[in-house]
Every structure is written in C-alpha cells, then in structure tokens.
Amino acid sequence: MTQGLRLVLFGPPGAGKGTQAQLLTERLKISHISSGDLFRHHVQAETPLGLKAADYMNRGVLVPDELTIDIALEKVMSLNAEEGFILDGFPRTRFQAKALEEALQTRARNLDKVVYIDVPEDELLRRLAGRFVCRQCQAPHSMTPGGTDGSPDRELICERCGGELYQRTDDRPEAVQTRIEVYKSETMPVLDFYRERALLADVPGVDTVEQINKRVMKALGL
Ligand code: ADP
Ligand code: ZN
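Rules of the game
- Residues numbered from 1 in each chain as written.
- Chains lettered and ligands numbered in written order.
- Predicted model: local features only at pLDDT ≥ 70, side-chain atom pairs only at ≥ 80, totals over all residues.
- Heavy atoms only, no water.
- Salt bridge = Lys/Arg side-chain N within 4 Å of Asp/Glu carboxyl O.
- Helix = DSSP H or I, 4+ residues; strand = E, 2+ residues; numbered from the N terminus.
- Buried < 20%, exposed > 50% of the residue type's maximum accessible area, 1.4 Å probe, protein only.
- Expected span 1.5 Å × (residues − 1).
- Contact = heavy atoms within 4.5 Å.
- Pairing = 2+ DSSP bridges.
- Axes fitted to C-alpha atoms, helices over the stretch in contact; angles between N-to-C directions.

Chemist: Sorry if this is basic, but what is going on with the pattern of salt bridges here?
Modeler: A side chain of one charge can pair with a side chain of the opposite charge when the charged atoms of the two come close. Applying the stated criterion across every chain, the model contains 19 salt bridges. Here Glu196 makes a salt bridge to Arg94, at a shortest N to O gap of 3.9 Å. Placement of Glu196 in helix 8 (residues 189–196) and of Arg94 in helix 5 (residues 94–105) is noted, with a sequence separation of 102 residues between them. Residue Asp170 pairs with Arg179 through a salt bridge whose shortest N-O separation is 3.9 Å. Considered together, Asp170 and Arg179 belong to a single accessibility category, that of buried residues. Each of Arg94, Lys98, Glu101, Glu196 and Arg197 takes part in salt bridges that share partners, so that together they form one network.

Written out as structure tokens, the structure reads:
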C-alpha cells in the first residue's frame with residue numbers, strides 16, 4: 001500500500017474507540033491520533049493549553065472548538081501526505097468535521113472511512129464506571145467492583161507496560177452522565193455529516209474486542 005488509510009473512529013464515550021484504535025494501529029501500521037490523549041498530555045505537562053482544557057474535561061463537557069481544532073489538525077498535518085491515520089475522539093462537532101475536511105482538501109484526498117461503533121447507553125454507563133486507564137501507555141482496563149465499598153477487584157498495574165492504573169476524573173459518575181448528554185446533543189449530528197458524504201460504516205459495539213475488531217476490518221474491506 002502506497003497510501004495509508006485515513007480513518008475516523010466514531011462513537012460515544014466508552015464505545016471502545018481507544019481499544020479498537022490500538023489494534024488497528026498495530027495491524028495497519030498507521031498513526032493513532034487521540035484528541036483525548038493529546039489533551040491529557042497537555043494537562044499533565046501543565047502547558048497553557050492544558051490549563052485551559054482541564055476544567056472542561058473534568059466537567060465532562062467539550063473543550064471549545066478553536067482549541068481542539070488547532071491541536072488535532074496540527075497533529076494530522078504533521079504526518080507525511082502518504083501516511084495513514086486513525087482519528088479517535090475527533091471530530092466531535094460538525095464544525096470540527098468541516099475543519100478537518102477543509103484541511104484534508106489541501107492534501108488532495110479526503111477520509112477513506114468513518115467507522116461508527118454503536119453501543120447502547122446502559123452498557124456505556126456500566127463500562128465507564130469500571131474503567132481504569134494506564135498513566136503510562138493510556139491502555140484502558142475494565143474492573144468490576146470487588147469489595148462492598150466498590151473498590152476495584154485487582155491490582156492497579158497495567159499488564160502491558162507495568163504502569164499505574166487510575167480512574168479518570170471524567171469517568172466518575174457525575175461527569176459520565178454529562179458526557180453522554182453532550183455526545184447526544186453535540187456529537188451525534190456528526191454522523192449525518194458523514195452519512196451525507198457516504199463515508200459512514202456502522203459496527204455494533206457490544207461483543208468481544210476480537211469480534212468487534214473483525215467487524216471493523218470487514219467494514220474497511222480488509
Ligand atoms: P471519551 O471518548 O472516553 O469520552 P476522550 O479521551 O476522547 O474520552 O476525551 C476526554 C475529554 O477530552 C472529553 O470529555 C472532552 O472534554 C475533551 N475532548 C477530547 N476530544 C475532544 C474534541 N474533539 N472536542 C472537544 N473536546 C474534546
Ligand atoms: Zn500501560
């Protein structure tokens with residue numbers, strides 16, 4: 001393949017975009033660009049952008065478009081024109097989708113596919129409540145509360161890299177409900193944007209990670 005695939009993984013918070021993006025990156029040898037990870041790096045490093053973004057993120061609302069578009073597109077445009085990528089968490093508004101389309105127009109080629117991982121709301125709530133993330137490699141892990149106090153049932157160590165697992169502030173119950181509401185009102189309309197352009201592929205997202213990966217590969221014609 002001379003030209004790498006240009007993909008967007010789309011779906012609600014907790015749909016498994018990060019997990020699927022990681023598998024696809026390994027299999028297709030293309031770059032993974034996660035807007036959430038980009039923001040979290042800025043927050044940890046306390047950059048001016050991180051300081052601005054942190055408050056929005058902790059509340060579970062979207063970071064304003066002007067900040068988001070700059071950092072996401074900067075990353076996309078830093079790749080070679082032939083290099084493929086998987087966008088995960090961006091675009092999340094119609095305005096962001098339009099900005100991405102315009103940026104890619106300067107590169108002669110639009111996206112190849114937008115894969116929509118569809119998961120019902122009750123399942124999302126369950127997953128996000130049990131989600132822990134590695135501080136080092138960002139891999140998501142799911143926990144079922146073990147003790148009666150709701151504490152996790154195993155050691156908080158990443159089996160991929162040995163890093164420490166933690167629960168994101170925005171995975172706490174107060175923020176989770178807000179994120180789902182924000183998804184419905186601001187992000188869902190992006191689906192129509194891509195449907196109109198015939199780029200959308202639907203993948204049911206409740207199954208094993210491997211099964212979903214197979215469906216995603218099939219949706220990509222691979
Ligand atoms: P999830 O997909 O689990 O909701 P992410 O890691 O993608 O979480 O994003 C975490 C937070 O970062 C979001 O709730 C939001 O505040 C901010 N964020 C990430 N991507 C975007 C985006 N494209 N537009 C606006 N805010 C974003
Ligand atoms: Zn790790």
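Anyway, onward from the coordinates.
Chemist: How do you make sense of helix 4 (residues 65–77) when you look at a structure like this?
Modeler: Three- or four-residue spacings in an α-helix give side chains the same orientation, since the helix completes a turn every 3.6 residues. In this model helix 4 runs 17 Å from its N-terminal to its C-terminal C-alpha over 13 residues, within 8% of the 18 Å that 1.5 Å per residue would give. If you follow the buried residues of helix 4, they end up packed against strand 2 (31–34), helix 2 (35–44), helix 3 (48–59), strand 3 (85–88) and helix 5.

Chemist: How should I be thinking about the sheet that holds strand 8 (residues 200–204) in this particular structure?
Modeler: To summarise the sheet geometry, strands pair through backbone hydrogen bonds and adopt either a parallel or an antiparallel arrangement. Taken together, five strands build an open sheet; the order of strands is 2-3-1-4-8 and the sheet is parallel. The sheet terminates laterally at strand 2 and strand 8, the two strands that pair on one side only. Pairwise comparison of adjacent strand axes, ignoring direction, gives a mean angle of 20° for this sheet. Of the pairings in the sheet, the one linking strand 2 to strand 3 comprises four bridges and is parallel in character. The residue of strand 3 that forms the bridge with His32 is Ile86.

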